[in-house]
Amino acid sequence: MASNAHFYINWAKERLDEMDAILASFEGRTAQMAADSKTAADNMVVDLRAKRDGFLNEMKKQGEAGEAAWQQTKARMESQWNNFQGEVKNYVERYGAQMKQQRTAFEDVAAAQMKAWRESAEKFQTFSAELAANQRGQIDTAVQKMKADATAAEENLKKLAKAGSESWTVLSAGLAESRAAFDRANQAAWEAFKRASSTT
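Owing to the predicted nature of the structure, the values given are computational and were not obtained by experimental measurement.

**Things to note about the side chain of R15**
(1) Moving on: As for its placement among the helices and strands, R15 is situated in helix α1 (residues 6–30).
(2) Moving on: In this structure, R15 is in contact with F55, W81, R179 and D183, ignoring residues within four places of it in sequence.

**Quick look at the confidence of the model for the chain**
(1) Moving on: Residues with a pLDDT of 70 or more make up 92% of the chain, whose mean pLDDT is 83.
(2) Moving on: Helix α2 (residues 35–62) holds the highest mean pLDDT among the elements of the chain, 89, whereas helix α5 (residues 136–163) holds the lowest, 83.

**Quick word on the pattern of salt bridges**
(1) Moving on: Overall, the coordinates contain 16 salt bridges when judged by the stated rule.
(2) Moving on: Across the salt bridge formed by E119 and K115, the nearest N and O atoms sit 3.4 Å from each other. Of the two residues, E119 and K115 are both situated in helix α4 (residues 101–129); the distance of four residues between them amounts to about one turn of the helix.
(3) Moving on: For K115, a relative accessible area of 39% corresponds to the partly exposed category.

**So, the packing of α1 against α4**
(1) Moving on: Between α1 and α4, the least distance of the axes is 9 Å, while the angle of their chain directions is 150 degrees. The orientation of α1 with respect to α4, classified from their angle, is roughly antiparallel. You can see that α1 and α4 cross each other, and the crossing is right-handed.
(2) Moving on: Classifying every residue of the contact of α1 with α4 gives nine nonpolar, seven polar and nine charged.

**Some words on the layout of surface pockets**
(1) Moving on: As a volume, the largest pocket reaches approximately 160 Å³.
(2) Moving on: Around the largest pocket, the lining residues are K145, D149, A152, A153, N156, E177, S178, A181, R184, A185 and A188.
(3) Moving on: Of all elements in the fold, only α5 and α6 (168–198) reach the threshold of two or more residues within the lining of the largest pocket.
(4) Moving on: It is α6 that contributes the most residues to the lining of the largest pocket, six residues altogether.
(5) Moving on: Taken together, the residues of the lining of the largest pocket break down into five nonpolar, two polar and four charged.

**Topic: the environment of R76**
(1) Moving on: When you line up the elements, R76 lands in helix α3 (residues 67–99).
(2) Moving on: Each C-alpha atom, one on R76 and one on E14, is 16 Å from the other, the two residues being 62 residues apart in sequence.

**Some remarks on α1**
(1) Moving on: Over its 25 residues, α1 extends 36 Å from the first C-alpha to the last, a length consistent with the 36 Å expected when each residue adds 1.5 Å.
(2) Moving on: Within α1, 19 of the 25 residues are buried, leaving the element largely enclosed by the surrounding structure.

**Concerning the nonpolar core**
Generally speaking, soluble globular proteins have nonpolar side chains that are buried together.
(1) Moving on: In terms of nonpolar packing, the biggest core is built from 61 residues, with F26, W117 and F124 touching the most fellow members.
(2) Moving on: Elements with a minimum of two residues in this core: α1, α2, α3, α4, α5 and α6.
(3) Moving on: The contact partners of F26, leaving out residues within four places of it in the chain, are V45, L48, V88, Y91, V92, Q101 and A105.

**A short note on the side chain of E14**
(1) Moving on: Relative to the helices and strands, E14 is located in helix α1.
(2) Moving on: Excluding anything up to four places from it in sequence, E14 contacts Q113, A116, R179 and F182.

**Topic: the packing of aromatic side chains**
Given two aromatic rings, one states the distance between the centres and the angle between the planes to describe the pair.
(1) Moving on: Using the criterion set out here, one finds five aromatic pairs in the structure.
(2) Moving on: Seen from their ring centres, W11 and F55 are 6.1 Å apart, and the 40 degrees between their planes marks the pair as tilted. Placement of W11 in helix α1 and of F55 in helix α2 is noted, with a sequence separation of 44 residues between them. Residue W11 shares its accessibility class with F55, and that shared class is buried.
(3) Moving on: A centroid spacing of 3.9 Å and a plane angle of 20 degrees characterise the contact between F26 and Y91, whose relative ring orientation is stacked. Of the two residues, F26 sits in helix α1 while Y91 sits in helix α3, which places them 65 residues apart along the sequence. Y91 carries the same exposure label as F26, and that label is buried.

Rules and cut-offs
- Residues numbered from 1 in each chain as written.
- Predicted model: local features only at pLDDT ≥ 70, side-chain atom pairs only at ≥ 80, totals over all residues.
- Heavy atoms only, no water.
- Helix = DSSP H or I, 4+ residues; strand = E, 2+ residues; numbered from the N terminus.
- Contact = heavy atoms within 4.5 Å.
- pLDDT = per-residue confidence, 0-100.
- Salt bridge = Lys/Arg side-chain N within 4 Å of Asp/Glu carboxyl O.
- Buried < 20%, exposed > 50% of the residue type's maximum accessible area, 1.4 Å probe, protein only.
- Axes fitted to C-alpha atoms, helices over the stretch in contact; angles between N-to-C directions.
- Parallel < 35°, antiparallel > 145°, perpendicular 65-115°, else oblique.
- Left-handed = near helix turned anticlockwise from the far one by under 90°.
- Nonpolar A, V, L, I, M, F, W, Y, C, P; charged D, E, K, R; others polar.
- 1 Å grid on protein atoms, 1.4 Å probe; cavity = no way out; pocket = protein on both sides within 12 Å on 5 of 7 lines; lining within 4 Å.
- Points joined across faces, edges and corners; volume = space filled by probe spheres on them.
- Expected span 1.5 Å × (residues − 1).
- Core = buried A, V, L, I, M, F, W, Y, C linked by side-chain atoms within 4.5 Å.
- Phe/Tyr/Trp six-rings, centres within 6.5 Å; stacked < 30°, edge-to-face > 60°.

Shown next, in the form of structure tokens:
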């Protein structure tokens, strides 16, 4: 059965998946840099990893905490997320064009987002299956909407990827739009689950 903080766990995991995708993308590219750039880029990646680890530690600390605890922690984690995003922007502006990394990083993060959408929809479907038949309608509808929204977000991200020459600002705005849509769909599915599971 779902925990009282499922929305927050999904929220944090989606961002953690994005952080992991960015780090994997950047770490794979720094080896190809000239020595003078490589050292500075490696230092930036180390800083990004430390920010990611801090976010993960905060997430683990909350674990299965209740909604009230997560609400308090979410603001702090949003600040950590924003700091991470700021460092990513600095990295891309400094090294992205040199390494043709902007598009690769975008595609890696987009793939992480789509993975988060699918995993969340699957979790909600599992929770729905645990409910009595008369309680499933709302959550099944929310899950179908989540899947439809995921498909729309994926199509939008594919269009941005095909454009190819877009700036990181435009690409990251597309990722932010998809992330916000995920948050809305995740919230709607969680609210539907809470309503459905409270009916007798």
